[in-house]
Amino acid sequence: MEWSLELEEYITAHSEQESEVLAALRRATHLNVMRPRMLSGNMQGQLLKMFCRMIGARRVLEIGTYTGYAAISLAEGLEEDGIVYTIDINDEIEDIAREYIRKSGLEERIRFLLGDACDLIPDLAETFDLVFIDADKRQYPEYYRLIFDKLKPGGIIVADDVLWEGKVLTDKDAQTRGIMAFNDLVAGDERVEKLILPVRHGLMLIRKK
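Cut-off values and rules
- For every chain, the first residue of its written sequence is number 1, and the numbers climb from 1 along that sequence.
- Side-chain atom pairs in this predicted model are given and counted only at pLDDT of 80 or more, local residue features only at pLDDT of at least 70, and totals for whole chains, interfaces and linings cover all residues.
- Based on all heavy atoms of the structure, the side-chain values leave hydrogens and waters out of the count.
- Accessible area is worked out with a 1.4 Å probe on protein chains only. A residue is then buried under 20% of its type maximum, exposed over 50%, and partly exposed in between.
- Helix and strand assignments come from DSSP, with helices taken as H or I runs of at least 4 residues and strands as E runs of at least 2, each series counted from the N terminus.
- The criterion for strand pairing is that DSSP finds at least two bridges linking the strands in question.
- The term nonpolar core refers to a set of buried residues drawn from Ala, Val, Leu, Ile, Met, Phe, Trp, Tyr and Cys, joined through side-chain atoms within 4.5 Å.
- Contact definition: two residues touch when any of their heavy atoms are within 4.5 Å.
- Any Lys or Arg side-chain nitrogen located within 4 Å of an Asp or Glu carboxyl oxygen qualifies as a salt bridge.
- Handedness of a crossover is defined as follows: orient the strands so they point away from the viewer, and if the path from the first strand over the helix to the second runs clockwise, the crossover is right-handed.

**Some words on the pairing of strand S7 (residues 203–208)**
For S7, a buried count of five out of six residues is recorded, marking the element as mostly surrounded by other parts of the structure. As paired elements, strand S5 (residues 151–160) and S7 share five bridges and run antiparallel to each other. Across the sheet, Asp 160 pairs through a bridge with Leu 203, a residue of S7. Here strand S6 (residues 192–197) pairs with S7 via six bridges, running antiparallel. Each residue of the ladder has a partner; that of Ile 196, found in S7, is Met 204. The antiparallel hairpin formed by S6 and S7 contains five residues in its connecting segment, where Arg 200 sits at a positive phi of about 50 degrees.

So this is what it looks like as structure tokens:
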């Protein structure tokens, strides 16, 4: 079946709709931020929210905040006492992320950490139900190693961009090599179950046994 704009519109019309705050954040990102394609968007946001609800998530880690769309979506799906820790190194878009996190009314559930995830993750004294990885593709293997022991048995890792628009089959730039190394690392890890879904630029679902 060929993917088309009409099919995408049909899917959107028959799926859960994004909140007013997320719709406003999406518009603000496209108007004010470079590379707005990096935004998670409603389909992925609803998927992340549903994963949280399905597993009753209370502690979630996001690596790569961007403008905060996924962080808010994850927080919407948390149990009442849940917390999302979200990490980003880019202080140039920190203000828009913090603004919309505040506007979402979920500020108490979202802890925004600014800095290098590889430096910050070891200091997080939490065990996570779900980890969402969507940051520097060159660092994906290192993120995986750093968070694995902090993930509960039965916990889920969701890694974005693992097909990298098909570049994993053709390109050999640094970002693509990072994704390929991550995919190979997970594929060979017998401690987890794994599945790649062709959603957006590829989502890998990883469940710790």
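**Some words on the nonpolar core**
Formed by 34 residues in total, the largest nonpolar core has its most connected members in Val 60, Ile 72, Leu 74, Ile 110 and Val 158. Those elements that place two or more of their residues in this core are helix H2 (20–32), helix H3 (41–55), helix H4 (69–76), helix H5 (94–103), strand S3 (110–114), strand S4 (128–133), S5 and S7. The contacts of Val 158, once residues within four sequence positions are left out, are Leu 48, Phe 51, Val 131, Phe 132, Ile 133, Leu 203, Met 204 and Leu 205. Of all hydrophobic cores here, the second largest spans 29 residues; its members include Leu 61, Cys 118, Trp 164 and Phe 182.

**Regarding unusual backbone geometry**
Although it is not a glycine, Asp 161 sits at a positive phi angle of roughly 70 degrees. Structurally, Asp 161 can be placed in the loop between S5 and helix H8 (174–187). A relative accessible area of 7% means that Asp 161 is categorised as buried. Phi at Glu 165 takes a positive value of approximately 55 degrees, unusual for a residue other than glycine.

**Notes on the pattern of salt bridges**
Oppositely charged side chains can form a pair if their charged atoms are brought close together. Under the defined criterion, the tally for this structure stands at 14 salt bridges. In this structure, Arg 98 and Glu 94 form a salt bridge, with 2.6 Å as the shortest nitrogen-oxygen distance. Pair noted here: Arg 98 and Glu 94 are both in helix H5, with a separation of four residues, about one helical turn. Its relative accessible area of 37% is what places Arg 98 among the partly exposed residues. Taking relative accessible area as the criterion, Glu 94 reaches 16% and is therefore assigned buried. In this structure, Asp 161 and Lys 137 form a salt bridge, with 2.7 Å as the shortest nitrogen-oxygen distance. Here Lys 137 lies in the loop between S4 and helix H7 (140–148) and Asp 161 lies in the loop between S5 and H8, a separation of 24 residues in the sequence. Note on accessibility: Asp 161 and Lys 137 belong to one class, buried.

**Overview of the pairing of strand S1 (residues 59–63)**
Of all five residues in S1, four are buried; the element is thus mostly enclosed. Examined bridge by bridge, S1 and strand S2 (residues 83–88) share five bridges and lie parallel to one another. Across the sheet, Val 60 pairs through a bridge with Val 84, a residue of S2. Once you follow S1 into H4 and on to S2, the crossover reads as right-handed. Of the strand pairs in this sheet, S1 and S4 are connected by four bridges, and their pairing is parallel. Its bridge partner being in S4, Leu 61 is matched across the sheet by Val 131.

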